[in-house]
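Residue strings, one per chain:
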Amino acid sequence: MKTDVCILGGGIMGLATAYNICKSTNSKVLVLDRYGVGNDFCSSNDVNRVFRCSYGSDELYTKMTVSSLDLWTMLERKSGQKLLIPTGLILLQGQNSNSNGFNEASFKTLSRMGLGADRLDKEELESRFPQFRAPEGFFDHHGGLLLASKALHTFHSLAESHGVRFAKATARKVVSSDRPHVTTEEGQTIEFRKLVVTTGPWTNSLLEDRLARITPTRQQLVYFRPLNRLDLFRPEKCPVFFTDEHYGLPAGGIDAVKVSPKELSEAVDPDRANRSVDDEQISSCREACKRFVPALADGEVVRTKVCLYDMTENSDFVIDRDPEDSKIVYGYGFSGHGFKFAPLIGQLLAQLTLDEDPSFNLERFTAKRSKRRKPVLGAHLGKGE
Ligand SMILES: Cc1cc2nc3c(=O)[nH]c(=O)nc-3n(C[C@H](O)[C@H](O)[C@H](O)COP(=O)(O)OP(=O)(O)OC[C@H]3O[C@@H](n4cnc5c(N)ncnc54)[C@H](O)[C@@H]3O)c2cc1C
């Protein structure tokens, strides 16, 4: 089989890339996914994901959220689908100094960049958002809830309508000599001119040693339905929220509020990870709710899910051409906070694939292990989601 562009991985990043390549060129694009597009194992498939502009003092990511917000709006217009529900984001101050520092730095950055942020004292907080308890909070006006599975299907159908082909197969080996090709576990050989690798938590098996590696981690999500007043937790009334060690999304796309730990839990083999949620995690989410969102603390658990992060050492993404072979483009290591950037990352990976100049400086996202920025203590804190 021959194709112009072969994309490994049909999660949100692979699909967004396929769409961006096909909407501006006549290239033949093939997306391979080991479990099929829209599968339940990939990191992209869940009811909802956080959108936020708050990135502490990190101006690069903050600027990228602004571009991404425009691109989500364009995608909604193009597809006729509502994908991003604006809710705002409330960053609740607590006892964790890393989280508190991140919240305050986000407030300052958003204010300095003219993006809209409010500081709320206890009284203002409780009168504006009676769901929450905290001594202080910062409100990011652009926070919101992305309907994740719907966005995945939207990219899929737009890509399909532009002629992208899809196959269920597992890439085993990439050979990039004079006749570049991928071999699959199912016995196919696929020749390509360009290859894009967006295989999320499974990427290490396709990487040479000189390239940045990832650690797949197991993350647990719990959906609570409050015993009373679900209306207070609908997106029209309830913002996305961050507490000391947890984050939550209002009941959008499902009649329940998602709560999950921000912390990384455990490194796993992506093929063997336990996909059920532990009772201790449910208890820890309830404890966090007791302090910050009391009406949820006794809520009924209506859904749980385990998803894998693909963590780089410093939580920065990898978005780069192979430093030694420009036929190969990498997009991985989205470290638990990539979804909100999917339309932008799709655009950037398409630009790299089509030999165009990327619209952002991608120095920080280098694939070259030796050029990566050193991790800072607690770098992941406030970076997930
Ligand atoms: C619990 C959780 C919560 C999150 N919350 C947020 C959030 O609120 N906001 C936010 O911005 N981000 C969030 N993220 C991060 C975001 O969801 C991910 O960064 C994003 O979905 C990654 O997409 P991807 O396409 O790179 O990977 P994936 O969606 O994992 O897709 C990779 C695909 O590659 C396929 N594949 C793997 N190996 C091969 C192979 N050898 N051959 C062929 N196919 C292969 C897999 O089957 C899979 O379908 C969260 C992630 C998790 C896990």
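Source: prediction; values computed, not measured.

## Digging into the packing of aromatic side chains
Centre distance and the angle of the planes are the two values used to describe a pair of aromatic rings. The full count for this structure, using the stated rule, is 19 aromatic pairs. Note on F132 and F241: the rings are 5.1 Å apart at their centroids and 55° apart in plane angle, and the pair reads as tilted. With F132 in the loop between α4 (122-128) and β7 (136-140) and F241 in strand β14 (residues 240-242), this residue pair connects regions lying 109 residues apart in the sequence. As far as burial versus exposure is concerned, F132 and F241 are alike and both buried. Site record: aromatic cluster; members linked through ring pairs are Y55, Y61, F317, F334, F341 and F365.

## Remarks on the domain arrangement of the protein chain
Each assigned domain of the protein chain is listed with its residue range as follows: domain 1 (2-45 + 149-213 + 314-371) and domain 2 (86-144 + 215-309). Look at where the C-alpha atoms of domain 1 and domain 2 centre, and you get two points 30 Å apart. In this assembly, 11 residues from domain 1 lie in contact with 8 residues from domain 2. For the pair domain 1 and domain 2, the summed buried surface comes to about 810 Å²; carbon and sulfur atoms form 47% of the total. When the area that domain 1 buries against domain 2 is broken down by residue, the three leading residues are F41, P201 and W202, summing to 44%. Viewed at the interface, domain 2 and domain 1 are joined by 1 salt bridge. Taken together, domain 1 and domain 2 are joined by 6 residue pairs in polar contact (both at pLDDT 80 or more).

## What to know about the sheet that holds strand β3 (residues 48-51)
Two orientations exist for strands paired in a sheet by backbone hydrogen bonds: parallel and antiparallel. The sheet built from 3 strands is open, its strands ordered β3-β8-β4 with antiparallel pairing. On the outer flanks of this sheet lie β3 and β4 (84-86), each paired with one strand and no other. Across the sheet, the axes of successive neighbouring strands diverge by a mean angle of 30°, strand direction being ignored. Where β4 meets strand β8 (residues 144-147), 3 bridges bridge the pair, whose relative direction is antiparallel. In the strand pairing of β8, I85 is matched with L145. Lying on the sheet, helix α2 (residues 59-79) is in contact with β3, β4 and β8; it crosses β3 at an angle near 135°. Together, β3 and β8 form the strand contacts of helix α5 (residues 148-161), whose direction differs from that of β8 by roughly 50°.

## Things to note about the side chain of S260
Position of S260 among the secondary structure elements: in strand β16 (residues 257-261). Under the relative-accessibility criterion, S260 is labelled buried at 1%. There is a polar contact of 2.8 Å between the side chain of S260 and the backbone oxygen of Q220. Ignoring anything within four residues of it in the chain, the contact list for S260 reads Q220, L221, E245, H246, Y247 and C285.

## Comments concerning the side chain of D322
Note that D322 resides in strand β19 (residues 318-322). Within the structure, the side chain of D322 is placed 2.9 Å from the side chain of R210, a separation counted as a polar contact. The residues contacting D322, other than those within four sequence positions of it, are R210, L211, I328 and Y330.

## A short note on the site of the ligand
In the region of the ligand, 36 residues are neighbours, and D33, S44, V50, C307 and K340 sit closest. The separation between an oxygen atom of the ligand and a polar side-chain atom of R49 is 3.0 Å. Isolated, the ligand exposes 1,000 Å² of accessible area, and the fraction of that covered by the protein chains is 99%. Of all the secondary-structure elements, those providing two or more residues to the shell around the ligand are α1 (12-24), β2 (29-33), β3, β13 (215-225) and β18 (300-311). Among the elements that make up the shell around the ligand, the one with the highest residue count is β18 (3 residues).

## As for the environment of G116
Secondary-structure assignment places G116 in the loop between α3 (97-112) and β6 (117-121). Residues G116 and H141, 25 residues apart in the sequence, show an inter-C-alpha distance of 5.7 Å. Beyond its immediate chain neighbours, meaning those up to four positions away, G116 contacts L110, F139, D140 and H141.

## Observations concerning the pairing of strand β12 (residues 189-197)
With 6 bridges connecting them, strand β1 (residues 2-8) and β12 associate as parallel partners. Counterpart to V5 in the pairing with β12 is K194. Counting the residues in the hairpin turn of strand β11 (residues 181-184) and β12 gives 4 residues, including G187, whose phi is positive at 100°. The pairing of β12 with strand β20 (residues 325-332) spans 3 bridges and is classified as parallel. Across the sheet, residue V196 finds its bridge partner in β20, namely V329.

Conventions used here
Residues numbered from 1 in each chain as written. Predicted model: local features only at pLDDT ≥ 70, side-chain atom pairs only at ≥ 80, totals over all residues. Heavy atoms only, no water. Phe/Tyr/Trp six-rings, centres within 6.5 Å; stacked < 30°, edge-to-face > 60°. Helix = DSSP H or I, 4+ residues; strand = E, 2+ residues; numbered from the N terminus. Buried < 20%, exposed > 50% of the residue type's maximum accessible area, 1.4 Å probe, protein only. Domains from an automatic or database assignment. Contact = heavy atoms within 4.5 Å. Buried area = accessible area lost by both parts, 1.4 Å probe. Salt bridge = Lys/Arg side-chain N within 4 Å of Asp/Glu carboxyl O. Polar contact = N/O pair within 3.5 Å; in protein donor to acceptor, adjacent residues only side chain to side chain. Pairing = 2+ DSSP bridges. Axes fitted to C-alpha atoms, helices over the stretch in contact; angles between N-to-C directions. Near = heavy atom within 4 Å. Areas by Shrake-Rupley, 256 points an atom, 1.4 Å probe, with all protein chains shown as cover.

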